[in-house]
Every structure is written in structure tokens, then in C-alpha cells.
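# Descriptive analysis of the structure
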Amino acid sequence: MSRPVSTYRVQLTPDFGFAQVGEIAGYLRDLGVSHVYLSPILQATPGSLHGYDVTEHSRIREEFGGAKGFREMAELLAAQDLGIVLDIVPNHMNTMNAPFWSVLAEGPASPYARWFDIDWDGGKVALPVLGDDVEPVVDGDVLRYHEHVFPHPGHYRLVDWRQGPGYRRFFDVSSLIGLRVEDPEVLFATHEVIFWLLDEGLVDGLRVDHPDGLADPRGYLERLRARSGGVWTVVEKILIGEERLPEDWACEGTTGYEVLNRINGLFVDPAGEAPLVELFTRLTGQPAGFRPVMAEAKREVIELFFGAEIRRLARAADCDPAAVAELLRAMPVYRAYVAPGEPPPPEAVEIVERAAAECSPAVRPFVQQVLYGPADVITRFQQTCGPIMAKGVEDTALYRWFPLSCLNEVGGDPDLFGVPVAEFHAFCRDMRPHTMTTLSTHDTKRSEDVRARLSVLSELPGEWAQAVSEWSAAVSFDPQLDYLAWQNLMAAWPISGERFAEYLLKAAREAKTSISWIEPDPGYEQRLRDFAGAAVKLPVGEFTERVDAFAMANSLGAKLVQLMMPGVPDVYQGNEMTDFSLVDPDNRRPVTFGRSPMSRWDAAKLAVTTQALRLRRRLDPAAPYTPILADGEAAEHAIAFARGDDPPRVVAVATRLPVRLARRAQAEEVRAGESSSAAREMCLGWGGTTLTLPAGTWRELLTGGLYTGRIPLAHLLARYPVALLERHDL
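Described in the following lines is the structure provided in the data block. (Residues numbered from 1 in each chain as written. Predicted model: local features only at pLDDT ≥ 70, side-chain atom pairs only at ≥ 80, totals over all residues. Heavy atoms only, no water.)

### Things to note about unusual backbone geometry
Short version of the rule: Counting from the N terminus, the helices are the DSSP runs of H or I reaching at least four residues and the strands are the DSSP runs of E reaching at least two.
The omega torsion across Trp-493 and Pro-494 is -5 degrees, close enough to zero to call that bond cis. A cis amide bond links Asp-646 with the next residue in sequence, Pro-647, at an omega value of 0 degrees. In this fold, Pro-647 is placed in the loop between strand 20 (638-643) and strand 21 (650-655). Not every positive phi belongs to a glycine, and His-146 is a case in point at roughly 50 degrees. As for its position among the elements, His-146 is in the loop between strand 9 (142-145) and strand 10 (148-151).

Here you go:
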């Protein structure tokens, strides 16, 4: 068993299975990663492109190559010194599975009844499938309703598809039923394949999907750690603001969204906030602050999707459902970490009480139950916070409030413009050494390079407003959507009309202001497609070309920081070079591995990624992190740090806020009657600013240059806006 140093996320599909992963083993080894990080591998719904809809826990997915294919892939990867990390899904599975069929047929007497978190009503479970006046038809020993098939007779009740089901589910997805892995029998039955792969030494790490949905994530992780032999484990835990992962969770850390948002903030100019918010509110009519939009979105999704969950929780607490909904709406995080039978942690009390302070006095009895009440109330409240945050914020509010949409990420704060360098350094010094870091995932709203382009707008608000005004005068559609459309069209350029339309359709459905997933409008959707087709014909790419020299600096800087800061860096498939993807399924498009760089940006990003990943193999993941401060008039434009003991072994340097840096030089060149490229202007903008390296001789790995002592940043960053240095005199 080897602990990952870095990972490369691969999205398995029926067209890209284990054999195809084996074929790219040499490429990934040359790239420098230590482990291949696979999307879920267990048997799932036929044709599933993501694998989170598991149907059978005892089999490796046949569409990928089955157990035999997995072993063959593992051998090919091992031959290239590559290990495997698995993405596992303990919270839920697809409802079309043999155990749940048994439960529907036999009810609480089924041997599988303990598998699922079911709200039995008179010995029956509600199934939300009815959608018209067609009557279900008995066909032998089954009941058929359109494409749905159920045992006949059974212990279930068919209800309207808009109602919540009689079981805990994943968010609002009724086809994904919650599992009770707090039961040891259920845990081992649903993890048997995972455990034998670990026992045979074929897997070195685990990524745990959606731990907030579990009844007892702390207990689950303890049991997982004990059974796995202490394998490296990270959890998909969304942390908000200053929230930190509980110290008593038996894992190395998170999958890195809190890191992503802080890196992103390094490259956003706070000075852009006022003009961009003014532009946004003028174009959309939305409030100038995010909080009221978020509160309204959470209220709406509770009413739309979570009535069954609210009622079940209210019954358990013997409280008014309105009070339950009010407190859940005010909760600012995905979980408050209260464990039944234990005194609630002070942090949890503070979070719940802070939420209650925004509510009416009617919530007070429920607050006491949530913090000090029976186990069922405490647990179910914890399990309900996450879905409401996810659907209310991620999948609604972030599609309504978007002055600068690179800030609209999972766990992010769209009204927090910029992260100071000192704050970032402090965050890094406190990080867990083996937590995962990331910039792009299958769940990000935009890829890292799309965000790099958008970050530039914080430095060009005036020019951006003028461009949007010109495009809007030529083509307009929906004030609630158009400004989001222009941001993403510019940042994902070039993009086909079809891809752009599919993105806008999803954005409009998630926003729920004109259409939604449950309330379509064919006329609106056709007009949206017409708008997308017309918009991609405008000269938006001319603005993207103006942005790209600066976006490249942001992209390379973010990549270098992520790959060299504390933690285990993950590279999402294809992002070793430029990738201009939008939200899923766009970011799950097939990737051409090993392709040649198509641009200067491509070549530079591949060089940065490769050199940094290879260097990480030579660096202890727990190596100390030491900030290095630049000295001079442009010092705020640099972020630099060293890794390693005294003396350190590695120094990373990145450029930030490149437009303002370039304008420093432009002012001088205008006076001199000269002009130059953006890249040269950025370099000249450093003026006399310097960086003092730790003692010793240092080789810059991107250019091969040797440096020592105090160096002008204009010299160090003359070729690239980043530098990666390794001690040359060890």
C-alpha cells in the first residue's frame, strides 16, 4: 500500500473503461502523478456516465470490463508505478436493485429492510411515480406503470411524482435511495468489493462521496479506517467560510473545495466588486447582496422538494413543520456535527444558535431538540441540512446571483471578492498535510481555465461593461439569464451553439425563475436556443483574445499554487492543458489523452503541471510551508512560498492581478511613446520589485536557469508568469 502523492481523476464511462485507463498508464506516469483516481466502479444503471447510481454492490461494473478488466488495468498501472484511488458511494444507491425489490415485495419483513432509511406508513413505503391519469396495469406477478415495474402485490403506495418519497434520498433525486451504513451488516454488504480490492493490495486510497448524508459520518469513517487498514481517505465535505473539518473524523481531509475557492480568490481583484455588482444589478434587477437571494432560494426549494423530509422530521420532534423549515432555511452550513448522546460541540451550538437568531421565537423548542434531543431528531436534522444547502445554494441561488461567476463555486461565496495573500498563507500553514487539493472536478460549475478568464473581469470592469452593452444591443433574451450567458460565452470560447444552449438550458432550469426541471416551457426553451445560436455568431472571441494573456497568467499561477501547496494535488482529466468546460455534463466530455499542445497556453500549462508533479514525487507531502514576501512597489502582485525543512527544498512563485501589473508598465511606455504585448507589459510592471530566495543555489525547472540570493522578479518571470525552483546544491 502506498500513500498518494498526487492523483489524476479519470471519469469512467461505457466507452472509456478499464482497458482504456490501462492504455494511458505510460502517459500518466510521464506526467508525474502517483495515483489514478477512478470514478465509481461498481455495477450501476446501464449506460450511466457517472456511476453514482449503483445498482449492485457485489460486482465491478461489467461495462468497464468487470473484475478481470480491473485486475488487468491494475497490473498495467503498477508496471508504471501508478496506484489506484477509488471513489466510493456509501450514502445511496439506485432504486432499481434486487434488495429494494425485496423490500417492496415483503415490506418490513424483508431481510433487506434494514438496508434502507424508510419511513414506513402503515407498513407501506410511498413511491413518487404517478404523473397522469393512466392506471397501473397488473401483468402477472408485476405491476407496470409506463416504464416503472413493481412487485404485485407489494408493500408500497404509488403517489404523485412531485411528492417526496417514503425514504431518505440523495438531495431531491427520488431514484437514489439512502442506505443505512451505520448498520455494520449493511456497511459490509455494500463494501464487500471495496474491501477485497483493498485486501489484495489493488487499491491505495478512497474518496468518500457525500458523507453529510450519512447518519453517523464519524462512526462510518472509524469503521472504514479499521477495516481498510488505515488506507488514505478523503471525504467530499463542503466547508463554508471558516468552517473546518472535525478533527475526530478518521480521514486525511476533504476533496478540496475549500482550497479551490481560496486559490480562486487570490486572482480576483477586490476593486472590481463595486462596478461588477452595479453592472449585475442594473442588468438583472437582482439585489446588490447575495444573502437575500440565498434565503429566498432555500425557502423555495424547501417548499418544492423537501416537504416529505420536513414532515418526517417534524413528527420525530413533535414540532410544527413550519418551525422545522424555518431553522433549516437559516442554517449556514451543510452539517452542524452534533452526535446523539454526546454534549454538542461549542462550534455546533454556535452555528445552530446563530441560525436560530435569524428565525422567529417559534423555532426555540426545535433548537433544543436539534442540540440536546433524541437521536432520531439530531441525526435526521443533520442529514437534511446538506440537501437544502445543495439545492438552495449550489443549484439555485448561484444561478440567480452572479456579478462575477468564477466565484460561484461549490462551497464558495459569490460576494467575497478576493483573498489576501497573507490570509492564504495562514490557511496553508494550518492545512492537513495529506488532504486533497483541486482546481477542477466533475462537480465544479466551471473549469479552472474558464474561471481564470473570468477572474480577469475583476480587473477590467469598465471594458467588460462596454462589451456586454454592445452584445446585448445586438442580441437579448431574458434579463435573468443574459448576463450569465455573456460571462460564460466569453470564458468558454470557442464553444458551439449547441453546447452553449445546453449550458443555458441547465442554468435556466436550475435558476427556476422562468423554467425549471419540473416546469418546462417549450416556447421559452426554443427562444433560448435561438438566443444561443445568435450569440455565438457575435465577435465575443475578440474580447476573449484581449483577456487571454492575463487569463493565462491566472491559470498558470493557480495551477502552480495548487500543485505545490500542502496536500495531495488532484488533476482533473484533461486539465494538464487548457480546458474550457462548463458544468456537468459538459465537463464530462471525452478527453483526448496525450494530445499535442495547441497553443502557447497549452504548452506552458503542460510544462508547469509536469514539472510540479514530478517535483512532488521528490518532496515530502508533510514538508513545512513558509511564505516568502516580495519587496518593492509591485510586491502585492506576487505570491511565493517555500516547501521543506530549513533549508527548504522548493520555491514556487506566481503572478497575481496581472492587468494592474501590466498597466504599471503601460503608463511608463505611453510616456515614452512605446507599446508592447501584454506579456511584456506584465514583466515590465514589476519594476524594481525583488524576491529573496532562501540560502543556496536554485534551478528554475521551467527554464533551466540558476539563481541565488535576491532576484528581480522582472528577470525571474521574464519567460513565464510563474517560477518553480528546486535547490541545486543539496
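### As for the sheet that holds strand 10
Counted only if it meets this: When DSSP finds two or more bridges between two strands, those strands count as paired. To define axes, lines are fitted to C-alpha atoms, for helices over the stretch in contact only, and angles between the resulting N-to-C directions are given on a 0 to 180 degree scale. Throughout, a contact is declared for two residues whenever any of their heavy atoms are within 4.5 Å.
With antiparallel pairing, the three strands of this open sheet are ordered in space as 8-9-10. With partners counted over all chains shown, the strands left at the sheet margins are strand 8 (137-139) and strand 10, one partner each. When strand polarity is set aside, the average angle formed by the axes of neighbouring strands in this sheet is 30 degrees. Here strand 9 pairs with strand 10 via four bridges, running antiparallel. Each residue of the ladder has a partner; that of Leu-143, found in strand 10, is Phe-150. Contacts between helix 4 (residues 98-106) and the sheet are confined to strand 9 and strand 10, with strand 10 contributing the most and set at about 55 degrees to the helix.

### Describing the environment of Val-333
Inspection of the secondary structure assignment puts Val-333 in the loop between helix 12 (321-330) and helix 13 (346-356). Residues Val-333 and Gly-241 lie 92 residues apart in sequence; the distance between their C-alpha atoms is 9.0 Å. Filtering out sequence-adjacent residues up to four positions away, Val-333 remains in contact with Ile-240, Glu-243, Ile-351, Cys-385 and Met-389.

### A look at the packing of aromatic side chains
To describe a pair of aromatic rings, you give the distance between the ring centres and the angle between the ring planes. Going by this rule: What counts as a ring pair is set by centres within 6.5 Å for rings of Phe, Tyr and Trp (its six-membered ring), and what kind of pair is set by the plane angle: stacked under 30 degrees, edge-to-face over 60, tilted for all other angles. Think of it in three bands: with a 1.4 Å probe and only protein chains considered, a residue is buried below 20% of the maximum accessible area for its type, exposed above 50%, and partly exposed in between.
On inspection of all chains with the given rule, the structure shows 29 aromatic pairs. For the ring pair Phe-366 and Phe-381, a centre distance of 5.7 Å and an interplane angle of 75 degrees mean the geometry is edge-to-face. In this pair, Phe-366 sits in helix 14 (residues 364-372) while Phe-381 sits in helix 15 (residues 375-394), placing the two residues 15 residues apart along the sequence. For the pair Phe-366 and Phe-381, a shared accessibility class is recorded, and that class is buried. Aromatic pair Trp-471 and Trp-486: ring centres 5.6 Å apart, planes at 45 degrees, arrangement tilted. With Trp-471 in helix 18 (residues 461-474) and Trp-486 in helix 19 (residues 482-492), this pair connects stretches of sequence that are 15 residues apart.

### Quick notes on the pattern of salt bridges
Selection criterion: Salt bridges are identified by distance alone: a Lys or Arg side-chain nitrogen within 4 Å of an Asp or Glu carboxyl oxygen.
This structure, assessed with the given rule, holds 62 salt bridges. Salt-bridge contacts for Arg-299 lead to Glu-303; the nearest nitrogen and oxygen are separated by 2.9 Å. In this pair, Arg-299 and Glu-303 both sit in helix 10 (residues 290-305), four residues apart, roughly one turn of the helix. The shortest N-O distance in the salt bridge between Glu-463 and Arg-663 comes to 2.4 Å. Separated by 200 residues along the polypeptide, Glu-463 in helix 18 and Arg-663 in helix 24 (residues 658-672) bring together distant segments of the chain.

### Some details on the packing of helix 17 (residues 448-456) against helix 22 (residues 540-564)
Rules: Angle categories: roughly parallel below 35 degrees, roughly antiparallel above 145, roughly perpendicular from 65 to 115, and oblique for all the rest. Should the near helix be turned counterclockwise from the far one by less than a right angle, the crossing is left-handed, whereas a clockwise turn marks it as right-handed. Each residue gets one of three labels, nonpolar for Ala, Val, Leu, Ile, Met, Phe, Trp, Tyr, Cys and Pro, charged for Asp, Glu, Lys and Arg, and polar for the others, Gly among them.
In the contact formed by helix 17 and helix 22, the axes pass within 7 Å of each other and the chain directions differ by 120 degrees. Looking at the two axes, helix 17 sits oblique to helix 22. The way helix 17 lies across helix 22 gives a crossing that is right-handed. On helix 22, the residues touching Glu-448, Asp-449, Ala-452, Arg-453, Ser-455 and Val-456 of helix 17 are Thr-544, Val-547, Asp-548, Phe-550, Ala-551, Asn-554, Ser-555 and Lys-559. Partitioned by chemical class, the residues of the contact of helix 17 with helix 22 number five nonpolar, four polar and five charged.

### Focus: helix 16 (residues 421-429)
The line we're drawing: Read the arc as the range of directions from the helix axis to the C-beta atoms.
Within helix 16 the residues assigned to the buried category are Val-421, Phe-424, His-425, Phe-427 and Cys-428. Projected down its long axis, helix 16 carries its buried residues within an arc of 160 degrees, all on one side.

### Here we look at the nonpolar core
Our working rule: We call a set of buried Ala, Val, Leu, Ile, Met, Phe, Trp, Tyr and Cys residues a nonpolar core when their side-chain atoms join them within 4.5 Å.
Counting 206 residues, the largest nonpolar core has Leu-38, Phe-70, Leu-86, Trp-464 and Trp-486 as the members making the most contacts within it. The biggest single contributor to this core is helix 22, with 13 residues. Among the nonpolar cores identified, the runner-up in size contains 35 residues, and Val-324, Val-333, Val-352 and Val-363 belong to it.

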